[in-house]
Amino acid sequence: MSKADILWPMGAMALLTFCVLGLIPIRRIGAALRREITPEDFRYGESARVSGYVSIPNRAMMNLLELPVLFYVICLMSYVTGSVGSVMLYAAWLYVALRILHTAIYLTWNNVLHRLIAFAASNVVLIAMWVLFFVGLGSV
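A few points on the structure. Computed from a predicted structure; not experimentally measured.

### Here's the deal with the overall build of the protein
Part 1 of the reasoning: Along its length, the protein carries five helices and zero strands.
Part 2 of the reasoning: Taken from the N to the C terminus, the helices and strands of the protein come in the order α-α-α-α-α.
Part 3 of the reasoning: Seen through its C-alpha atoms, the protein measures out along the principal axes to roughly 60 × 30 × 25 Å.
Part 4 of the reasoning: Partitioning the intrachain contacts of the protein with sequence separation of at least 6 by distance along the chain shows that 75% fall at a separation of at least 24.
Part 5 of the reasoning: Counting every atom, the protein has about 8100 Å² of accessible surface; 72% of that belongs to carbon and sulfur.

### Concerning the environment of P68
Part 1 of the reasoning: With respect to the helices, strands and loops of the structure, P68 is situated in helix α3 (residues 68-81).
Part 2 of the reasoning: Judged by its relative accessible area of 0%, P68 is buried.
Part 3 of the reasoning: Beyond its immediate chain neighbours, meaning those up to four positions away, P68 contacts M13, N63, Y95 and R99.

### Considerations on the pattern of salt bridges
Part 1 of the reasoning: In the structure shown here, the tally under the stated rule is five salt bridges.
Part 2 of the reasoning: Across the pair E46 and R28 runs a salt bridge whose closest N-O atoms are separated by 3.5 Å. Taken together, the residues span a long stretch of sequence, with E46 in the loop between α1 (7-33) and α2 (52-64) and R28 in helix α1 at a distance of 18 residues.
Part 3 of the reasoning: Two residues, R49 and D41, come together in a salt bridge whose shortest N-O distance is 3.0 Å.
Part 4 of the reasoning: Classification of R49 as partly exposed rests on a relative accessible area of 48%.
Part 5 of the reasoning: Each member of the salt-bridge network shares a partner with another, and the members are R28, E46 and R59.

### Side note on α1
Part 1 of the reasoning: Look at α1: 40 Å from first C-alpha to last across 27 residues, which is about the 39 Å you get at 1.5 Å a residue.
Part 2 of the reasoning: All buried positions along α1 are accounted for by P9, M10, M13, L16, T17, V20, L23, I24, R27, G30 and A31.
Part 3 of the reasoning: Downstream of α1 by one or two residues, R35 has phi in the positive range, about 60°.

### So, the packing of aromatic side chains
The geometry of an aromatic ring pair is captured by the separation of the ring centres together with the interplanar angle, meaning the angle of the planes.
Part 1 of the reasoning: Taken as a whole and assessed by the stated rule, the structure comprises four aromatic pairs.
Part 2 of the reasoning: Where F71 meets Y95, the ring centres are 4.7 Å apart and the plane angle is 20°; that geometry is what we call stacked. Highlighted residues: F71 in helix α3 and Y95 in helix α4 (residues 86-107), separated in sequence by 24 residues.
Part 3 of the reasoning: Given the relative accessible area of 0%, F71 is considered buried.
Part 4 of the reasoning: For Y95, a relative accessible area of 0% translates into the label buried.
Part 5 of the reasoning: Chaining the aromatic ring pairs together yields one cluster made of F71, Y72 and Y95.
Part 6 of the reasoning: In this structure, K3 packs its charged tip against the face of Y79, placed 4.5 Å from the ring centre.

Analysis parameters
- Residues numbered from 1 in each chain as written.
- Predicted model: local features only at pLDDT ≥ 70, side-chain atom pairs only at ≥ 80, totals over all residues.
- Heavy atoms only, no water.
- Helix = DSSP H or I, 4+ residues; strand = E, 2+ residues; numbered from the N terminus.
- Contact = heavy atoms within 4.5 Å.
- Areas by Shrake-Rupley, 256 points an atom, 1.4 Å probe, with all protein chains shown as cover.
- Buried < 20%, exposed > 50% of the residue type's maximum accessible area, 1.4 Å probe, protein only.
- Salt bridge = Lys/Arg side-chain N within 4 Å of Asp/Glu carboxyl O.
- Expected span 1.5 Å × (residues − 1).
- Phe/Tyr/Trp six-rings, centres within 6.5 Å; stacked < 30°, edge-to-face > 60°.
- Lys NZ or Arg CZ within 6 Å of the ring centre and 35° of its normal.

Structure representation (structure tokens):
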């Protein structure tokens, strides 16, 4: 295993983020073509006329720009310090898998409890990554 292996889950998170980013205009343009919304509906965010089907990708995108920032930071810290071990790498992939699951739930059946479980589990993994990193630093 190479310390550079930690870059792959980071790339996967970035790919997920770009896929959701691409879904936003697809849903908005589709709704505009069906005359469900107009550009005015987005002047100050999203008006009440914007359906959940159209607004949810944007909300999912916001989720991917919040706590995952701490994921990128801990991965980079592990890379820079050369402290990427198998546990950290597996945790990183587990985090990505849980964020993919969270996003898939959000964009499809959007069951709040299912979404919460995936979100909470991903946050536990993220916290564990930070703890693992600092516990590992203490043993160096």
